[in-house]
Protein chains: 2
Amino acid sequence: MIGGSLALCLREQGLAERIIGVERSAAHASRAIELGIVDEVMPFDAAIAEAGLIVLATPVDSIPTLAVKALNKVRADQTVIDVGSIKEELCEMISRHPSRGRFVATHPMWGTEHSGPDAAMKEAFAGRRVVICEREQSDADALQLVEDIYRTLGMTPIYMGAEEQDIHCAYISHISHITSFALALTVLEKEREEEHIFDLASAGFESTVRLAKSSPETWTPIFLRNKYNVLDVLGEHIHQLQVLRKMIERDDSEGLTEAMRHAGSIRRILK
Amino acid sequence: MIGGSLALCLREQGLAERIIGVERSAAHASRAIELGIVDEVMPFDAAIAEAGLIVLATPVDSIPTLAVKALNKVRADQTVIDVGSIKEELCEMISRHPSRGRFVATHPMWGTEHSGPDAAMKEAFAGRRVVICEREQSDADALQLVEDIYRTLGMTPIYMGAEEQDIHCAYISHISHITSFALALTVLEKEREEEHIFDLASAGFESTVRLAKSSPETWTPIFLRNKYNVLDVLGEHIHQLQVLRKMIERDDSEGLTEAMRHAGSIRRILK
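Residues numbered from 1 in each chain as written. Chains lettered and ligands numbered in written order. Predicted model: local features only at pLDDT ≥ 70, side-chain atom pairs only at ≥ 80, totals over all residues. Heavy atoms only, no water.

(A) Geometry of the pairing of strand S6 (residues 129-133) of chain B. Residue and element names in this part refer to chain B. Extensive coverage of S6 is indicated by the burial of four of its five residues. One ladder, built from four bridges, connects strand S5 (residues 103-108) with S6; its direction is antiparallel. Looking at the pairing, Thr106 lines up with Ile132 of S6. Here S6 pairs with strand S7 (residues 156-160) via five bridges, running parallel. Residue pairing in the sheet places Val130 in a bridge with Pro157 of S7. Once you follow S6 into helix H6 (residues 140-152) and on to S7, the crossover reads as right-handed. (Buried < 20%, exposed > 50% of the residue type's maximum accessible area, 1.4 Å probe, protein only. Helix = DSSP H or I, 4+ residues; strand = E, 2+ residues; numbered from the N terminus. Pairing = 2+ DSSP bridges. Right-handed = clockwise from strand over helix to strand, strands pointing away.)

(B) Molecular detail of the relation of the copies chain A and chain B. If you rotate chain A by 180° and push it 0.0 Å along the axis, it lands on chain B with an RMSD of 0.0 Å. Expressed as an axis order, the relation between the two copies is that of a two-fold axis. The rotation axis passes nearest to the C-alpha of Thr208 of chain A in chain A, at a distance of 2.3 Å. Comparing contact sets, 100% of the residues at the interface of chain A also lie at the interface in chain B, consistent with an isologous, same-surface contact. (Least-squares fit on C-alpha atoms with pLDDT ≥ 70 in both. Contact = heavy atoms within 4.5 Å.)

(C) Layout of the packing of helix H7 (residues 162-191) of chain B against helix H10 (residues 227-249) of chain B. Residues and elements named next belong to chain B. Put simply, H7 and H10 touch, their axes get as near as 9 Å, and they point 60° apart. Taken together, the axes of H7 and H10 lie oblique to each other. At the point where H7 passes H10, the crossing takes the right-handed sense. Along its contact with H7, which presents Asp166, Ile167, Ala170, Tyr171, His174, Ile175, Ile178 and Thr179, the element H10 presents Asn229, Val230, Asp232, Val233, Leu234 and His237. Of the residues assigned to the contact of H7 with H10, the class counts are eight nonpolar, four polar and two charged. (Axes fitted to C-alpha atoms, helices over the stretch in contact; angles between N-to-C directions. Parallel < 35°, antiparallel > 145°, perpendicular 65-115°, else oblique. Left-handed = near helix turned anticlockwise from the far one by under 90°. Nonpolar A, V, L, I, M, F, W, Y, C, P; charged D, E, K, R; others polar.)

(D) Examining the domain arrangement of chain A more closely. Residue and element names in this part refer to chain A. Along its sequence, chain A is organised into domain 1 (2-160) and domain 2 (166-269). Distance between the C-alpha centres of domain 1 and domain 2: 31 Å. Counting from both sides, the interface comprises 13 residues of domain 1 and, opposite them, 14 residues of domain 2. At the boundary of domain 1 with domain 2, total buried surface from both sides reaches about 1,200 Å², with 59% on carbon and sulfur atoms. The interface formed by domain 1 and domain 2 includes three salt bridges. Linking Lys213 and Glu113 is a salt bridge whose minimum nitrogen-to-oxygen distance equals 3.6 Å. Our enumeration of links across domain 1 and domain 2 arrives at five residue pairs in polar contact (both at pLDDT 80 or more). Among the residues making up the side of domain 1 that touches domain 2, the classes are represented as five nonpolar, three polar and five charged. (Domains from an automatic or database assignment. Buried area = accessible area lost by both parts, 1.4 Å probe. Salt bridge = Lys/Arg side-chain N within 4 Å of Asp/Glu carboxyl O. Polar contact = N/O pair within 3.5 Å; in protein donor to acceptor, adjacent residues only side chain to side chain.)

(E) How the structure looks around the interface of chain A and chain B. Chain A puts 90 residues into the contact, and the matching count from chain B is 90 residues. Overall, the association of chain A and chain B removes approximately 8,700 Å² of surface from exposure, summing both partners, and the carbon and sulfur fraction of that is 70%. Our count for the contact surface shared by chain A and chain B stands at eight salt bridges. With a shortest N-O distance of 2.4 Å, Arg261 of chain A and Glu217 of chain B are connected by a salt bridge. The tally of links between chain A and chain B comes to 19 residue pairs in polar contact (both at pLDDT 80 or more). Take the side of chain A that touches chain B: its biggest share by element is 24 residues, from helix H7 (residues 162-191) of chain A. Class assignment of the residues belonging to the side of chain A that touches chain B gives a composition of 46 nonpolar, 22 polar and 22 charged.

(F) Quick look at the sheet that holds S6 of chain B. Residues and elements named next belong to chain B. With mixed pairing, the five strands of this open sheet are ordered in space as S3-S4-S5-S6-S7. With one partner strand each, in any of the chains shown, strand S3 (53-56) and S7 form the two edges of the open sheet. If you compare each strand with its neighbour and ignore which way they point, the axes differ by 30° on average. Contacting S5, S6 and S7, H7 runs over the sheet at an angle of about 115° to S7.

(G) Broad picture of the environment of Ala182 of chain A. With respect to the helices and strands, Ala182 of chain A occurs in helix H7. Distance from Ala182 of chain A to Val209 of chain A, taken between C-alpha atoms, is 8.8 Å for residues 27 residues apart in sequence. If we ignore the near neighbours within four places in the chain, the residues touching Ala182 of chain A are His237, Gln240, Leu241 and Leu244 of chain B.

(H) Quick look at empty space enclosed by the protein. All names here are of chain A. Following the criterion strictly, the structure yields one cavity of 30 Å³ or more and no others. Here the largest cavity defines a volume of roughly 40 Å³. When contributions to the lining of the largest cavity are tallied by element, the ones reaching two or more residues are helix H1 (2-12) and helix H6 (140-152). It is H6 that provides the largest number of residues to the lining of the largest cavity, a total of three residues. (1 Å grid on protein atoms, 1.4 Å probe; cavity = no way out; pocket = protein on both sides within 12 Å on 5 of 7 lines; lining within 4 Å. Points joined across faces, edges and corners; volume = space filled by probe spheres on them.)

This is the structure we're talking about:
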C-alpha cells in the first residue's frame with residue numbers, strides 16, 4: 001500500500017522512469033506489474049544494483065535488517081530510504097555503518113486501513129507531513145534528494161530524533177489502531193448474545209472502528225517493536241477510560257461534562 | 001443539529017409548509033430563523049396547539065418530561081415523535097398515558113459531531129436507518145405518517161423494543177463516543193510533556209477522535225440515562241484493551257495477530 005502508492009506518485013510526477021519491485025509474494029508481484037505500479041520484479045540484490053533510489057516499504061520488524069543489507073551494497077551515487085512508522089531500532093542498527101550517510105529515515109504520515117498492491121493509490125501523501133529522523137546523519141545530497149521528492153509529492157518535512165518520533169507515533173497513530181481493534185472486539189463479543197447488534201451501526205461507529213480493518217501483519221510488529229511507548233500510551237488510555245467509568249457510576253454529571261469539554265479542545269488540532 | 005436538519009429535510013421534500021421552532025436559547029432561535037430552518041419561534045404550549053407533527057429534539061434527559069407535557073395537550077389529529085438516542089425511560093414514562101397512541105418513539109441513526117442550528121444540514125438522514133420503538137403502542141395512523149416521512153427522507157425503519165435499542169446503541173454508538181473522548185484526553189495529557197505531539201496527527205487519529213468534538217450537553221445525559229448499558233460495554237472495552245496490553249507485554253506476536261484478525265472481521269458490517 002505505501003510502497004505501491006509511492007511508486008504510482010513518483011511516476012505520476014515524472015520522478016521515476018523505471019520502477020523495480022522486490023516482492024516476496026508471487027501474487028502481489030504479478031498484480032503490481034498488472035496495475036502498472038512497477039515495470040518489473042527482481043530479487044533484492046539485483047534490484048539494488050540497478051536502482052538510484054531504494055525504498056524499503058515492508059513491515060517494520062524487517063526494516064532494520066533490510067537497511068543494513070542495502071547499505072552493505074550501496075554506492076555513493078545511490079540513496080536508501082525507509083517509510084516505516086518506527087525508527088529507534090532502525091537508526092541504532094545503521095548508526096555505525098560506513099555508508100550510513102546514504103540512508104534517509106523517513107515516515108510519510110499517510111496511510112489507509114488497506115494493504116497490498118490493490119490498495120496503492122495515486123492520490124496519496126499530498127497535504128500530509130513526512131517525518132525525517134536524524135537528518136544530520138544523512139549525506140547532504142541524499143537528504144536533499146529525498147526532501148525534494150517528498151516536496152514534489154506535496155508533503156511537508158518535519159525533523160525529529162528517532163526516539164521522539166516513536167513516542168509521538170505511539171500517541172498519534174498506534175493508539176488509534178489499538179483502540180479500533182479493541183472496539184471491534186468489544187462489539188463482536190456482544191454479538192454472541194445480540195444477533196442484530198450491527199443493524200444500527202452508525203457513521204460514528206464506522207469512523208471509530210475503520211482502523212480495525214488494518215493488516216495484522218503490519219501492526220503486530222509495530223506494536224511489539226514500539227513496545228514501551230505503546231504500553232505507556234495504552235496505560236494512560238485505560239486510565240482515562242476508568243476515570244470516565246467512575247464518573248458515570250457516580251452520576252457525576254459535572255465531572256463528565258468538564259472532561260468532555262476538555263477532550264473537545266482537541267478540535268484545535270483537527271480540521 | 002438533529003431537529004434543524006429534520007426541519008430542512010421536511011421542507012426540502014415538501015412535507016412541511018410551515019415550521020415552528022421552540023428554542024430556549026435566544027441566539028439559536030434567531031439563528032434558526034436566519035438560516036431558514038424555521039418560519040417562526042413560539043413558546044412550547046402555543047407551538048403544540050398549532051402543529052400537526054410535533055418533534056422533540058432536545059438532550060435525552062429532557063425528552064421524557066417533554067413527551068408527557070406534549071401528550072397532555074395533544075389532539076387526536078396530532079402526532080408527537082422524539083429523535084433521541086435512548087428510549088427505555090421515555091417509553092416507560094408515557095406507557096400509561098391516555099394519549100400514548102399519538103406518540104411514535106424514533107431514533108434516526110444519523111448525526112455529526114457538531115451541534116446547534118449552524119450544524120443543521122439538508123444532506124442528512126438519507127441512506128441511514130431509523131429505529132422505531134414499541135410500534136405496537138402507537139396508533140396506526142400516527143405510525144403510518146411517521147414511517148412515510150422517514151421513508152421520504154430516504155431512511156429504512158427497523159423495529160425494536162426500547163430496552164433492546166438502548167443496549168444496541170450503547171455498543172454501536174455510545175461507546176464510540178466514550179472512546180473518542182478518552183483518546184483525546186490521553187493525548188492531551190501527553191501534550192504537557194511533549195509540546196509538538198500534534199504535529200504528526202494523522203488521518204487515522206483524526207477519524208478516531210473526531211467524535212470527541214461532540215457536545216458535552218448532548219452526551220452527558222446519554223451516558224447517565226443509559227448508565228447500566230454504557231457501564232457494561234465500557235467494562236468489556238477496558239477488558240479487551242487489557243488483553244491486548246498483556247499480549248504486547250509478553251511479546252505474544254501470535255496472540256496479537258490472531259486478535260487483530262478477529263477484530264478485522266468487523267469489515268463484514270462496514271462499507
